[in-house]
Amino acid sequence: MARAAGVSRSTVSYALSGKRSISDETRRRVEEAIARLGFTPHAGAQALATAQTKVIGLMLRFHEDEFAPAMLQYVLPLSDTARELGYDVLMVTDADGAGALRRITGSGKVDGLILLDVAHIDPRLEPLRASGRPGVLVGVPRDTDRLDVFDLDFAAAARVLVDHLQGLGHREIILVTPPREVFERGISYSWRFRDAAVERARELGLVLHAHHGEARQPAVGESLNAVLDAHPTATALIVHNDGSVAALPMVLHRRGVRVPEDLSVTSLYSQEFGRTFSLPYTAVETSPRELGRLAVRQLVGRIQDRDEVGPHRVHFLPPTLIDRGSTA
């Protein structure tokens, strides 16, 4: 490699590790030699030389009370961004998240971690802080000390949707929330959205009926039908439940309900999720791709100890409403 680039072995090492600055011309010659020879750095040797594995740990769980395709939306942009930045991803789905975190950090398998499915009181946070490894969360816990946190502003999203419907003249609204078990596990996006929607409706003098939805069939369809039967005079529906909104077109079709002529429908989901399930509803964009990119870039900055990363922060993405003509 060094001979092909016309430089010393130490210069090649500096180019690969970034431990010392080299000229742009020298770096270009090394990169051209790498491409020409199809060279791949030996991970073990590189880890010994730099004390870095170039691996990011991604910790999540697939719960029965959540809709798995919604969680998977976050995995692909996280792994894509990591790969673009020269990192591999180790996905950890152990039920004992705290124990798994101690295991992979204690064995030096990862340079840093990204946590999904974050609970209000999350048992993974104490061992994460104790590990000395940088960590980034997608989701908001009660204690954010020494952590970078990214999430959609669910409270603002709720206000946007309630305001949108109120502006169209709706006075009675149904809200379908995540399953009861999601609230009980302490996943804060569930009550951040629900509580803000209830408060906004009260401020505007609206009637809002909040009901827990389900995540799996046939319970999803049964619960949607029960909620619609319970409130026949409601003219609008907000669905904050991925399993429910995916099933909603079929449920409404079978009931003979026209959207928006008979019922205005709004929701929260990503454009990709909407395409996957052919959803035609006006919705707040949940931005999993943007959140994934932000989380990985922040984590890599922490791993590389870059000054521009700055102090730890909690960052909420503002909601963007995409009007698809499902409200009137």
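Here the structure is shown first, and the text comes after it.
Attention in this report is confined to the structure presented alongside it. Since the model is a prediction, treat every value here as computed from it, not as a measurement. (Residues numbered from 1 in each chain as written. Predicted model: local features only at pLDDT ≥ 70, side-chain atom pairs only at ≥ 80, totals over all residues. Heavy atoms only, no water.)

### A word on the environment of Thr286
And step 1. With respect to the element layout, Thr286 can be found in the loop between β10 (282-284) and α14 (288-303).
And step 2. Thr286 gets classed as buried once you look at its relative accessible area, which sits at 9%.
And step 3. Not counting residues within four places of it along the chain, the set of residues in contact with Thr286 comprises Tyr74, Leu152, Leu268, Tyr269, Ser270 and Leu291.
And step 4. A polar side-chain atom of Thr286 sits 3.1 Å from the main-chain amide nitrogen of Ser270. (Helix = DSSP H or I, 4+ residues; strand = E, 2+ residues; numbered from the N terminus. Buried < 20%, exposed > 50% of the residue type's maximum accessible area, 1.4 Å probe, protein only. Contact = heavy atoms within 4.5 Å. Polar contact = N/O pair within 3.5 Å; in protein donor to acceptor, adjacent residues only side chain to side chain.)

### A closer look at the packing of helix α11 (residues 219-230) against helix α12 (residues 242-255)
And step 1. Interaxial distance between α11 and α12 falls to 9 Å at its minimum, and their mutual angle equals 60°. As judged from the angle between their axes, α11 and α12 are oblique. Considering how the two elements wind past one another, α11 and α12 form a crossing that is right-handed. Every residue of α12 that contacts α11 at Val220, Gly221, Leu224, Asn225, Leu228 and Asp229 is listed here: Gly243, Ser244, Ala247, Leu248, Val251, Leu252 and Arg255. (Axes fitted to C-alpha atoms, helices over the stretch in contact; angles between N-to-C directions. Parallel < 35°, antiparallel > 145°, perpendicular 65-115°, else oblique. Left-handed = near helix turned anticlockwise from the far one by under 90°.)

### So, the pattern of salt bridges
And step 1. In this structure the tally under the stated criterion is 16 salt bridges.
And step 2. Put simply, Asp143 and Arg129 hold a salt bridge, and the shortest N to O gap is 3.7 Å. Here Asp143 is found in the loop between β4 (135-138) and β5 (148-152), whereas its partner Arg129 is found in helix α7 (residues 125-131), with 14 residues between them in sequence.
And step 3. Classification of Asp143 as partly exposed rests on a relative accessible area of 40%.
And step 4. Across the pair Glu272 and Arg289 runs a salt bridge, and its minimum N-O distance is 3.6 Å. With Glu272 in helix α13 (residues 271-276) and Arg289 in helix α14, the pair connects residues that are 17 residues apart, well separated along the chain. (Salt bridge = Lys/Arg side-chain N within 4 Å of Asp/Glu carboxyl O.)

### Quick notes on the packing of aromatic side chains
And step 1. The final tally for this structure, using the stated rule, is 3 aromatic pairs.
And step 2. What links up through ring pairs into an aromatic cluster is the set Tyr269, Phe273 and Phe277. (Phe/Tyr/Trp six-rings, centres within 6.5 Å; stacked < 30°, edge-to-face > 60°.)

### So, unusual backbone geometry
And step 1. Between Gln217 and Pro218 the backbone carries a cis peptide bond, its omega angle lying at 0°.
And step 2. The topology assignment puts Pro218 in the loop between β7 (207-212) and α11.
And step 3. In this model, Lys54 sits at a positive phi of 60°, which is unusual for a non-glycine residue.
And step 4. Locating Lys54 in the fold gives a position in the loop between α4 (43-50) and β1 (55-59).
And step 5. Backbone geometry places Asp117, a non-glycine residue, at a positive phi of 55°.
And step 6. Relative to the elements of secondary structure, Asp117 occurs in the loop between β3 (112-115) and α7.

### Examining α12
And step 1. End to end, α12 covers 20 Å across 14 residues, agreeing with the expected 20 Å (1.5 Å per residue, within 8%).
And step 2. Maximum bend of α12: about 45°, positioned at Leu248, with proline Pro249 one to four residues after it.
And step 3. Of all the positions in α12, only Gly243, Ser244, Val245, Ala246, Ala247, Leu248, Val251 and Leu252 are classed as buried.
And step 4. The elements touched by buried residues of α12 are β6 (172-177), α11, β8 (236-239), β9 (264-268) and α13.
And step 5. Its side-chain oxygen placed 3.2 Å from the backbone nitrogen of Gly243, Asn241 serves as the N-cap of α12.
And step 6. Phi for Gly256, located one or two positions after α12, is positive at around 75°. (Expected span 1.5 Å × (residues − 1). Bend = angle between axes of the 7 residues up to and from the residue.)

### Structural notes on the packing of helix α5 (residues 68-84) against α14
When two helices pack together, their arrangement is given by the angle between the helix axes and by the axis-to-axis distance.
And step 1. Where α5 contacts α14, the axes come no closer than 8 Å and their chain directions differ by 40°. On the basis of their axis angle, the class for α5 and α14 is oblique. α5 and α14 meet at a crossing whose hand is right-handed. Facing α5, whose interface residues are Gln73, Tyr74, Leu76, Pro77, Leu78, Asp80, Thr81, Ala82 and Glu84, α14 presents Pro288, Arg289, Leu291, Gly292, Arg293, Ala295, Val296 and Arg297.
And step 2. Class assignment for the residues of the contact of α5 with α14 results in 9 nonpolar, 3 polar and 5 charged. (Nonpolar A, V, L, I, M, F, W, Y, C, P; charged D, E, K, R; others polar.)

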